[in-house]
Amino acid sequence: MKAYWVSLILISWPLAPPVQAQTWQAYQSPGFTVQTASKADARYLARLFQTLERARKDLKEWGLQPPDRVWVVVHPNLESYRKATAQPWFVLAQANRPQHRMDLQRLSVVVERGQLEAVLRHEYFHLAQPEDWPSWLAEGSAMIFAGQKPTAKALPGISAARLEEILANPPNSQTLARAMAAAYDRARAYWKKRGRAP
Ligand SMILES: [Zn+2]
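Residues numbered from 1 in each chain as written. Predicted model: local features only at pLDDT ≥ 70, side-chain atom pairs only at ≥ 80, totals over all residues.

Draft legend 1. Inspection of the pairing of strand β2 (residues 25–29) at higher detail. Here five bridges tie β2 to strand β3 (residues 32–36), and the two strands are oriented antiparallel to one another. Across the sheet, Gln28 pairs through a bridge with Thr33, a residue of β3. The antiparallel hairpin formed by β2 and β3 contains two residues in its connecting segment, where Gly31 sits at a positive phi of about 95 degrees. (Pairing = 2+ DSSP bridges. Helix = DSSP H or I, 4+ residues; strand = E, 2+ residues; numbered from the N terminus.)

Listed below in structure tokens is the structure:
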């Protein structure tokens, strides 16, 4: 069983925030618990909750079943994020399906890139999608649901097996972006053929 899905929204440079003691705060709404450790990030909470609530409605309209409660952990720095997810710096967020949890890098970083809604919708999609989907379908469909467009040229003529390998273990941010573009194209063709979204 696949335990993790990663967001393949890319950021453009490594972050090197200062390491400091963390005081976590938890915020709740019906169906969501959000944990932050940074005052700077707390200011985006209203937007975050609104986005998640809207996305929950949209997931149900797509015929998917989001978990009853989702746990969102917003990390105050890269070290905290990497410790929790083991993801490279260029992966902005990770969805952990068995725990109904998503881990995000600092919201201020996500917001600066105009990606807050897209990242939340993308990861939330992974928590609600059927778990036996191949990665290309999961990632491509999550991008469609999140309204994300590819940020690089798709890897040409790549086999499904090779695409799965790259998505599972991307060698660098550029190859990942190109693999995501290939997944997006495949997912678009897949859903077009079926005449409906998931
Ligand atoms: Zn993803």
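Draft legend 2. Expanded view of the packing of helix α2 (residues 45–61) against helix α5 (residues 116–128). Running from amino to carboxyl end, α2 crosses α5 at an angle of 45 degrees, the nearest separation of the two axes being 9 Å. Overall, the two elements α2 and α5 adopt an arrangement that is oblique. Crossing hand, α2 versus α5: right-handed. Across from Arg47, Leu48, Thr51, Leu52, Ala55 and Leu59 in α2, the residues of α5 making contact are Leu116, Glu117, Leu120, Arg121, Tyr124, Phe125 and Ala128. Of the residues assigned to the contact of α2 with α5, the class counts are nine nonpolar, one polar and three charged. (Axes fitted to C-alpha atoms, helices over the stretch in contact; angles between N-to-C directions. Parallel < 35°, antiparallel > 145°, perpendicular 65-115°, else oblique. Left-handed = near helix turned anticlockwise from the far one by under 90°. Contact = placed C-beta atoms within 7 Å. Nonpolar A, V, L, I, M, F, W, Y, C, P; charged D, E, K, R; others polar.)

Draft legend 3. Main features of the pairing of strand β6 (residues 101–104). Of the two faces of β6, the one carrying Arg101 and Asp103 and the one carrying Met102 and Leu104 are both buried. Across four bridges, the pairing between strand β4 (residues 70–74) and β6 is parallel. Note that in β6 the partner of Val73 across the bridge is Asp103. Relative to β6, strand β5 (residues 93–96) is paired through four bridges, and the arrangement is antiparallel. By the bridge assignment for β6, Asn96 is matched with Arg101. Hairpin remark: β5 followed by β6, antiparallel, with four residues in the connecting loop; positive phi at His100, about 50 degrees. (Buried ≥ 20, exposed ≤ 12 C-beta atoms within 10 Å, placed from the backbone.)

Draft legend 4. A look at the nonpolar core. Ranked by internal contacts, the top residues of the largest apolar core, which has 42 residues, are Leu104, Tyr124, Ala179, Met180 and Ala183. By residue number, the principal contributor to this core is helix α8 (residues 173–194), which donates nine residues. Setting aside residues up to four positions removed in sequence, Leu104 forms contacts with Val72, Val74, His75, Ala93, Val110 and Val119. (Core = buried A, V, L, I, M, F, W, Y, C linked by C-beta atoms within 7 Å.)

Draft legend 5. Geometry of α2. Over its 17 residues, α2 extends 24 Å from the first C-alpha to the last, a length consistent with the 24 Å expected when each residue adds 1.5 Å. The complete set of buried residues in α2 reads Leu48, Leu52, Ala55 and Leu59. Along the axis of α2, the buried residues cluster in a sector spanning 65 degrees; they form a single face. Among the exposed residues of α2, those oriented more than 90 degrees off its buried face are Ala46, Lys57, Lys60 and Glu61. Each element contacted by the buried residues of α2 is listed here: β3 and α5. At the C-terminal side of α2, Gly63 shows a positive phi close to 80 degrees. (Expected span 1.5 Å × (residues − 1). Arc of directions from axis to C-beta.)

Draft legend 6. Spotlight on the packing of α5 against helix α6 (residues 135–146). Between α5 and α6, the least distance of the axes is 8 Å, while the angle of their chain directions is 135 degrees. By the angle between their axes, α5 is oblique relative to α6. Two packed elements cross with a definite hand, and for α5 against α6 that hand is right-handed. On α6, the residues touching Ala118, Arg121, His122, Phe125 and His126 of α5 are Ala138, Ser141, Ala142, Met143, Phe145 and Ala146. Class assignment for the residues of the contact of α5 with α6 results in seven nonpolar, three polar and one charged.

That is the geometry; function is a separate question.
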